[in-house]
Amino acid sequence: MQQDQLSEGQVLKIMEKYDNDAQQLIAVLLDIQAESGANYVDEKWAALTARVLNVPLSKIYDILTFYAMFSSVPRGEYVIEICKSTPCHFTGEPEVIGWFEKILGIKMGETTLDGKFTLSTTCCVGACDVGPVAKIGDEVYGNLTMEKVNTLVRSYREGLPSFREALACQN
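Calculation rules
- Residues numbered from 1 in each chain as written.
- Predicted model: local features only at pLDDT ≥ 70, side-chain atom pairs only at ≥ 80, totals over all residues.
- Heavy atoms only, no water.
- Pairing = 2+ DSSP bridges.
- Helix = DSSP H or I, 4+ residues; strand = E, 2+ residues; numbered from the N terminus.
- Axes fitted to C-alpha atoms, helices over the stretch in contact; angles between N-to-C directions.
- Contact = heavy atoms within 4.5 Å.
- Core = buried A, V, L, I, M, F, W, Y, C linked by side-chain atoms within 4.5 Å.
- Buried < 20%, exposed > 50% of the residue type's maximum accessible area, 1.4 Å probe, protein only.
- Left-handed = near helix turned anticlockwise from the far one by under 90°.
- Nonpolar A, V, L, I, M, F, W, Y, C, P; charged D, E, K, R; others polar.
- Phe/Tyr/Trp six-rings, centres within 6.5 Å; stacked < 30°, edge-to-face > 60°.
- Salt bridge = Lys/Arg side-chain N within 4 Å of Asp/Glu carboxyl O.
- Parallel < 35°, antiparallel > 145°, perpendicular 65-115°, else oblique.

Visitor: Looking at this structure, I do not really get the sheet that holds strand S2 (residues 117-122). What am I missing?
Guide: The strands making up a sheet associate through hydrogen bonds between their backbones, and the pairing can be parallel or antiparallel. The strand order across the open sheet formed by four strands is S2-S1-S3-S4, and the pairing between neighbours is mixed. The outermost strands of the open sheet, each flanked by one partner alone, are S2 and strand S4 (139-141). Direction aside, the axes of adjacent strands within the sheet are offset by 25° on average. Of the pairings in the sheet, the one linking strand S3 (residues 134-136) to S4 comprises three bridges and is antiparallel in character. Pairing of Ile136 across the sheet is with Glu139, part of S4. Helix H6 (residues 93-104) rests against strand S1 (78-83), S2 and S3 of the sheet, and its axis sits at about 155° to S1.

Visitor: Looking at this model, I keep getting lost on the nonpolar core. Mind explaining?
Guide: Proteins that are soluble and globular tend to have nonpolar side chains buried together. Val11, Leu25, Val28, Leu29, Ile32, Ile60 and Leu64 are the most contacted members of the largest nonpolar core, which totals 20 residues. The residues touching Leu25, leaving out its near neighbours within four places in the chain, are Thr49, Leu53, Val55, Lys59, Ile60 and Ile63. In terms of nonpolar packing, the next biggest core, distinct from the first, is built from 19 residues, Ile80, Phe117, Ala134 and Ile136 among them.

Visitor: Explain the packing of helix H1 (residues 8-17) against helix H2 (residues 25-35) here, please?
Guide: Two quantities define a packed helix pair, namely the angle between the helix axes and the distance between the axes. Following both chains from N to C, one finds H1 and H2 inclined at 145°, their axes separated by 9 Å at the closest point. Crossing hand, H1 versus H2: right-handed. Contacts between H1 and H2 involve Val11, Ile14, Met15 and Lys17 from the former and Val28, Asp31, Ile32 and Glu35 from the latter. A class-by-class count of the residues in the contact of H1 with H2 yields five nonpolar, no polar and three charged.

Visitor: Explanation requested: the packing of aromatic side chains in the structure shown.
Guide: Aromatic ring pairs are reported here in terms of the distance separating the ring centres and the angle at which the planes meet. A complete count under the given rule lists four aromatic pairs for this structure. Ring geometry for Tyr78 against Phe117: centres 5.9 Å apart, planes inclined by 35°, an arrangement best described as tilted. Of this pair, Tyr78 sits in strand S1 while Phe117 sits in strand S2; the two residues are 39 residues apart in sequence, bridging distant segments of the chain. For the pair shown, Tyr78 and Phe117 are each scored as buried.

Visitor: Would you mind showing me how to read the pattern of salt bridges here?
Guide: A side chain with one charge can pair with a side chain of the opposite charge if their charged atoms come near. With the rule as written, the count across this model stands at five salt bridges. Across the pair Asp31 and Lys17 runs a salt bridge whose closest N-O atoms are separated by 2.7 Å. With Asp31 in helix H2 and Lys17 in helix H1, this pair connects stretches of sequence that are 14 residues apart. A residue is classified by how much of its surface remains accessible, and Asp31, at 18% relative accessible area, is buried. Residue classification places Lys17 among the exposed positions, given a relative accessible area of 54%. A salt bridge links Glu81 to Lys135, with the nearest nitrogen and oxygen atoms 3.8 Å apart. Of this pair, Glu81 sits in strand S1 while Lys135 is found in strand S3, placing the two residues 54 residues apart along the sequence. The class for Glu81 is buried, based on a relative accessible area of 13%.

Visitor: Explain the packing of H6 against helix H7 (residues 146-158) here, please?
Guide: Two elements in contact, H6 and H7, have axes separated by 10 Å at closest approach and are oriented at 40°. Taken together, the axes of H6 and H7 lie oblique to each other. The two elements H6 and H7 meet at a crossing, and its hand is right-handed. Mapping the contact onto sequence places Trp99, Phe100, Lys102, Ile103 and Leu104 in H6 and Met146, Val149, Asn150, Val153 and Arg157 in H7. For the contact of H6 with H7, the per-class residue count stands at seven nonpolar, one polar and two charged.

Set out below in structure tokens:
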């Protein structure tokens, strides 16, 4: 699995981009996580952020543990979040989980050995009309079938955005 690729200088530059403003804490943490190379906020960067922005470290961890979009442990480049809402459950969420687990060779909550994918569940993503759904990054994919799941995983593995775009739910 990939490890944190940030330097202290890069983290300081991220905070400077937001004028070292504690009111921008969530944006700072999102940028640190995005730039980490492992899709998480390392404890050393959490501590540095707390010091520079003059906020309690406990507040940083409140944010990292409260919001589902954050992680304080390394994750895959792509986090696949399968909706576990009641509508998605009744339209096939358990099968979707099984398909992703089989195709990726991991169980829920795990990350592939190559560090590409982490499999997780999430609460409602607001796409109940096209359930079952999975969210990968900012994209929501609905009416999932085993064929669609295969195509999605292949497109992310092989860097084929046209396949992903064709399957994404349109806003």
